[in-house]
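Spelled out from the first residue to the last, the chains are:
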Amino acid sequence: MINEEKIIVMDFGGQYNQLIARRVRENNIYCEIVSYDTPIEKLKEMKPTGIIFTGGPDVVYQKDAPICDKQVLELGIPVLGICYGAQLIAYLKDGLVEKASTREYGRTEIEYNTESLLFKDMKSKSICWMSHTYQITKLPEGFKGIASTENCKIAAMESENEKLYAVQFHPEVLHTEQGTKILSNFLFNVCKCEGNWKMDTFFEKAVKEIREEVKDGKVLCALSGGVDSSVAAVLLSKAIGKQLTCVFVDHGLLRKNEGDEVEAVFGNNGLYDLNFIRINAKDRFYEKLKGVEEPEKKRKIIGEEFIRVFEDVSKEIGAVDYLVQGTIYPDVIESGLAKSAVIKSHHNVGGLPSVVNFKKIIEPLRLLFKDEVRKLGLEMGLPDNLVYRQPFPGPGLAIRIIGDITEEKVKIVQDADFIFREEIAKAGLDKKINQYFAALTNMRSVGCMGDERTYDYAVALRAVTTTDFMTAEVARIPHEVIEKVANRIVNEVNGVSRVLFDYTTKPPATIEFE
Ligand code: XMP
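Cut-off values and rules
- Residues numbered from 1 in each chain as written.
- Predicted model: local features only at pLDDT ≥ 70, side-chain atom pairs only at ≥ 80, totals over all residues.
- Heavy atoms only, no water.
- Phe/Tyr/Trp six-rings, centres within 6.5 Å; stacked < 30°, edge-to-face > 60°.
- Helix = DSSP H or I, 4+ residues; strand = E, 2+ residues; numbered from the N terminus.
- Buried < 20%, exposed > 50% of the residue type's maximum accessible area, 1.4 Å probe, protein only.
- Axes fitted to C-alpha atoms, helices over the stretch in contact; angles between N-to-C directions.
- Parallel < 35°, antiparallel > 145°, perpendicular 65-115°, else oblique.
- Left-handed = near helix turned anticlockwise from the far one by under 90°.
- Contact = heavy atoms within 4.5 Å.
- Nonpolar A, V, L, I, M, F, W, Y, C, P; charged D, E, K, R; others polar.
- Pairing = 2+ DSSP bridges.
- Patch = residues over 30% accessible without salt bridge, like charges linked within 9 Å, V, L, I, M, F, W, Y side chains within 5 Å.
- Areas by Shrake-Rupley, 256 points an atom, 1.4 Å probe, with all protein chains shown as cover.
- Salt bridge = Lys/Arg side-chain N within 4 Å of Asp/Glu carboxyl O.
- Lys, Arg positive; Asp, Glu negative; His and termini not counted.
- Charge placed at Lys NZ, Arg CZ, Asp CG, Glu CD.
- pLDDT = per-residue confidence, 0-100.
- Domains from an automatic or database assignment.
- Buried area = accessible area lost by both parts, 1.4 Å probe.
- Polar contact = N/O pair within 3.5 Å; in protein donor to acceptor, adjacent residues only side chain to side chain.
- Expected span 1.5 Å × (residues − 1).
- Disulfide = S-S within 2.5 Å.

### Side note on the packing of aromatic side chains
Step number 1: Under the defined criterion, the tally for this structure stands at 16 aromatic pairs.
Step number 2: Seen from their ring centres, Phe-437 and Phe-513 are 6.3 Å apart, and the 75 degrees between their planes marks the pair as edge-to-face. Remark: Phe-513 occurs in the segment after β18 (496–501) and Phe-437 occurs in strand β15 (residues 435–449); sequence separation between them is 76 residues.
Step number 3: On the basis of relative accessible area, Phe-437 is assigned to the buried category, the value being 1%.
Step number 4: Judged by its relative accessible area of 25%, Phe-513 is partly exposed.
Step number 5: Ring pairing ties together the aromatic residues Phe-12, Tyr-36, Phe-53 and Tyr-84, which thus form one cluster.

### Focus: the packing of helix α6 (residues 227–240) against helix α11 (residues 370–379)
Step number 1: Here α6 crosses α11 at 45 degrees, and the two axes come no closer than 10 Å. In terms of orientation, α6 and α11 fall into the oblique class. Once α6 is placed against α11, the crossing between them reads as left-handed. Listed contacts from α11 to Val-227, Asp-228, Val-231 and Leu-235 of α6 are Lys-370, Val-373, Arg-374, Leu-376 and Gly-377.
Step number 2: For the contact of α6 with α11, a count of residues per class yields five nonpolar, one polar and three charged.

### Looking at the packing of helix α5 (residues 199–214) against α11
Step number 1: Following both chains from N to C, one finds α5 and α11 inclined at 80 degrees, their axes separated by 10 Å at the closest point. On the basis of their axis angle, the class for α5 and α11 is roughly perpendicular. Contact residues: Met-199, Asp-200, Phe-202 and Phe-203 in α5; Glu-372, Lys-375, Leu-376 and Glu-379 in α11.
Step number 2: For the contact of α5 with α11, the class distribution of residues is four nonpolar, no polar and four charged.

### With respect to the sheet that holds strand β13 (residues 322–324)
Step number 1: What the five strands build is an open sheet, ordered β12-β11-β10-β13-β14; its pairing is parallel. If you trace the sheet from one side to the other, it starts and ends with β12 (275–280) and β14 (360–362), each paired once. In this sheet, adjacent strand axes meet at a mean angle of 25 degrees when their direction is disregarded.
Step number 2: As defined by bridge partners, β13 adjoins β14 across three bridges and the pair is classed as parallel. Counted as the bridge partner of Leu-323 is Ile-361 from β14.

### A short note on a positive patch on the surface
Step number 1: Side chains of Lys-120, Lys-163, Lys-181 and Lys-192 sit close together on the surface and give a patch of like positive charge.
Step number 2: Here Lys-163 shows up in the loop between β8 (156–159) and β9 (164–167).
Step number 3: Of the residues examined, Lys-163 reaches a relative accessible area of 34% and is grouped as partly exposed.

### Digging into the confidence of the model for the protein chain
Step number 1: Overall, the predicted model of the protein chain reaches an average pLDDT of 92, with 95% of residues at or above 70.
Step number 2: Counted against residues more than four places away or in other chains, residues 338–350, with its pLDDT under 50, gives 18 contacts.

### Considering the domain arrangement of the protein chain
Step number 1: Structurally, the protein chain comprises domain 1 (7–190), domain 2 (199–387) and domain 3 (406–501).
Step number 2: Between the C-alpha centres of domain 1 and domain 2 the distance comes to 39 Å.
Step number 3: The largest contributions to the domain 1 side of the interface with domain 2 come from Gln-18, Arg-22 and Arg-25, which together make up 59% of the buried area.
Step number 4: Here domain 1 is connected to domain 2 by four residue pairs in polar contact (both at pLDDT 80 or more).
Step number 5: When contributions to the side of domain 1 that touches domain 2 are tallied by element, the ones reaching two or more residues are α1 (17–26) and β2 (30–35).
Step number 6: Its residues placed into classes, the side of domain 1 that touches domain 2 shows four nonpolar, two polar and four charged.

### Brief notes about the environment of Val-320
Step number 1: As for its position among the elements, Val-320 is in the loop between α9 (295–317) and β13.
Step number 2: Measuring from C-alpha to C-alpha, the distance between Val-320 and Ser-35 comes to 34 Å, with 285 residues separating the pair along the chain.

### Things to note about α9
Given 3.6 residues per helical turn, the α-helix brings residues three or four places apart onto the same face.
Step number 1: Taking 1.5 Å of rise per residue, 23 residues should cover 33 Å, and α9 covers 33 Å from first to last C-alpha, within 8% of that figure.
Step number 2: Every buried residue of α9 is accounted for by Lys-298, Ile-301, Ile-302, Glu-305, Phe-306, Ile-307, Val-309, Phe-310, Val-313, Ser-314 and Ile-317.
Step number 3: Gly-318, located one to two residues past α9, shows a positive phi value of around 85 degrees.

### Section: the sheet that holds strand β3 (residues 50–53)
Step number 1: Taken in spatial order, the nine strands of this open sheet run β2-β1-β3-β4-β9-β8-β7-β5-β6, and their pairing is mixed. A strand with exactly one partner marks an edge of an open sheet, and here the two such strands are β2 and β6 (125–138). Sheet twist, expressed as the average angle between the axes of neighbouring strands with direction ignored, equals 20 degrees.
Step number 2: Examined bridge by bridge, strand β5 (residues 96–112) and β6 share 12 bridges and lie antiparallel to one another. Directly across from Lys-99, in β6, lies its bridge partner Tyr-134.
Step number 3: Its contacts with the sheet place α1 against β1 (6–11), β2, β3 and β4 (79–82), and it is angled at close to 160 degrees to β2.

### Structural notes on the state of the cysteines
Step number 1: Taken as a whole and assessed by the stated rule, the structure comprises zero disulfides.
Step number 2: In this structure Cys-128 is not part of a disulfide, and its nearest cysteine sulfur, from Cys-152, lies 8.5 Å away.
Step number 3: The thiol of Cys-246 is not disulfide-bonded; the next cysteine sulfur, from Cys-221, is found 4.4 Å away.

### What about unusual backbone geometry?
Leave glycine aside and you will find that most residues have negative phi; peptide bonds, for their part, are mostly trans.
Step number 1: Of note, the bond from Lys-506 into Pro-507 is cis; its omega dihedral lies within 30 degrees of zero at -15 degrees.
Step number 2: Tracing the backbone through its elements, the reader meets Pro-507 in the segment after β18.
Step number 3: Going from Pro-507 to Pro-508, the amide bond is cis rather than trans, its omega being 10 degrees.
Step number 4: Locating Pro-508 in the fold gives a position in the segment after β18.
Step number 5: Even without glycine at this site, Lys-192 takes up a positive phi of about 60 degrees.
Step number 6: Structurally, the position occupied by Lys-192 is in the loop between α4 (179–190) and α5.
Step number 7: The class for Lys-192 is exposed, based on a relative accessible area of 60%.

So this is what it looks like as structure tokens:
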């Protein structure tokens with residue numbers, strides 16, 4: 001059986017809820033995040049093997065503090081409370097939580113009782129990560145303290161009989177030296193998990209579920225060539241083969257060779273058995289973008305034209321039953337746990353579902369994190385270059401060309417970008433830099449080539465490291481690599497006389513130029 005083991009993370013508003021879920025999955029145990037107010041009956045139906053309460057910014061006695069049903073602690077299912085979650089266990093079990101005389105924040109020395117199942121096979125003294133103002137000051141009946149710090153006498157407690165555990169610190173963050181061990185102790189020693197959740201089990205289950213849902217229905221997938229939509233498409237094709245039609249709109253604003261690469265994988269002579277339609281709509285897009293300089297206007301035009309192209313194709317395909325979306329777990333969490341069906345407004349082909357006549361959306365990756373999506377892609381035989389593709393914006397090169405778009409400018413960016421990517425890969429940096437590309441400044445400057453005076457464009461290189469793309473650092477690339485890229489671009493790309501490197505972080509700059 002698949003998914004026999006399941007850990008439920010109850011979210012009390014902590015900033016680390018996703019991280020906790022990640023840590024559980026790293027132990028090959030399936031895990032889902034639910035809101036703290038999930039009704040007890042629903043929770044029972046989910047048949048969790050164990051439950052983890054996250055931290056949160058509130059204080060248990062405060063009005064409107066998130067409090068879950070007390071019965072959660074009476075199901076006989078192991079519970080681990082973290083930070084606020086620990087205090088909540090104390091509160092629900094009639095212990096005492098009080099404001100600490102000294103607020104604890106950051107790395108803190110801690111002493112564990114290694115006889116507890118939670119701290120088994122660990123060093124008794126080490127460092128944990130604390131972040132709290134309130135703390136447990138009186139143990140509930142049946143509990144005993146199992147860890148302490150200088151300022152927090154009950155840094156952890158347990159009621160072994162009831163299988164309830166609580167830690168004031170954060171085992172999920174790497175600053176807690178033995179945190180990973182604590183979580184795996186909870187999962188394997190307390191919850192008695194075996195850790196049998198793997199990508200191949202996910203794959204088998206997903207294929208089975210898709211077949212049951214779709215039956216002999218017709219499914220449409222808008223394929224962008226990005227990781228999520230590619231993996232979703234392959235999964236669907238493995239499940240339902242030719243019942244799937246993938247539509248790939250090439251708007252002429254893709255990176256060099258990208259359209260052909262996507263076609264090589266998904267097209268008729270490609271790796272998978274599916275219907276593939278490539279629409280070469282370059283002329284339509286360029287025509288609509290002619291003379292348009294304003295960034296948001298360009299985005300809007302591209303978004304709208306995408307829909308028009310799609311409308312035209314879908315007329316030919318006829319009514320479809322299902323539309324595939326490459327939504328992944330962080331999108332589900334970000335759009336609100338209870339509202340996971342909300343369609344991403346920032347989806348690459350924004351607005352698409354409203355114009356296609358379909359019954360239902362299928363989101364086969366909605367329970368996976370990005371690295372799990374990649375793993376699944378590799379297991380299904382997707383080539384590395386697609387699986388590890390850096391993010392690429394829906395409007396494509398249009399927002400990497402400052403000002404109006406012409407075919408000539410697109411070609412310059414494509415060629416310059418290709419050289420940049422090639423050299424980054426050669427230097428072994430391609431998996432270390434999260435996003436890197438060439439952009440075309442709308443600036444022309446004087447140069448000299450041979451004995452000729454030139455008056456050509458300046459290309460800008462941008463390379464950033466980031467985890468969430470909300471903030472970004474400038475990637476450190478050896479000078480020799482940049483120098484080589486600059487040399488090659490001015491020598492090999494017609495129309496470029498200067499190469500600049502963008503040294504701005506985000507904020508204040510954005511990652512893209514427009
Ligand atoms: P910015 O430029 O806002 O980019 O710092 C953050 C991330 O979002 C991507 N991006 C977009 N993706 N449509 C998209 O699908 C867009 O209009 C768009 N604008 C930016 C960008 O590539 C980066 O990864």
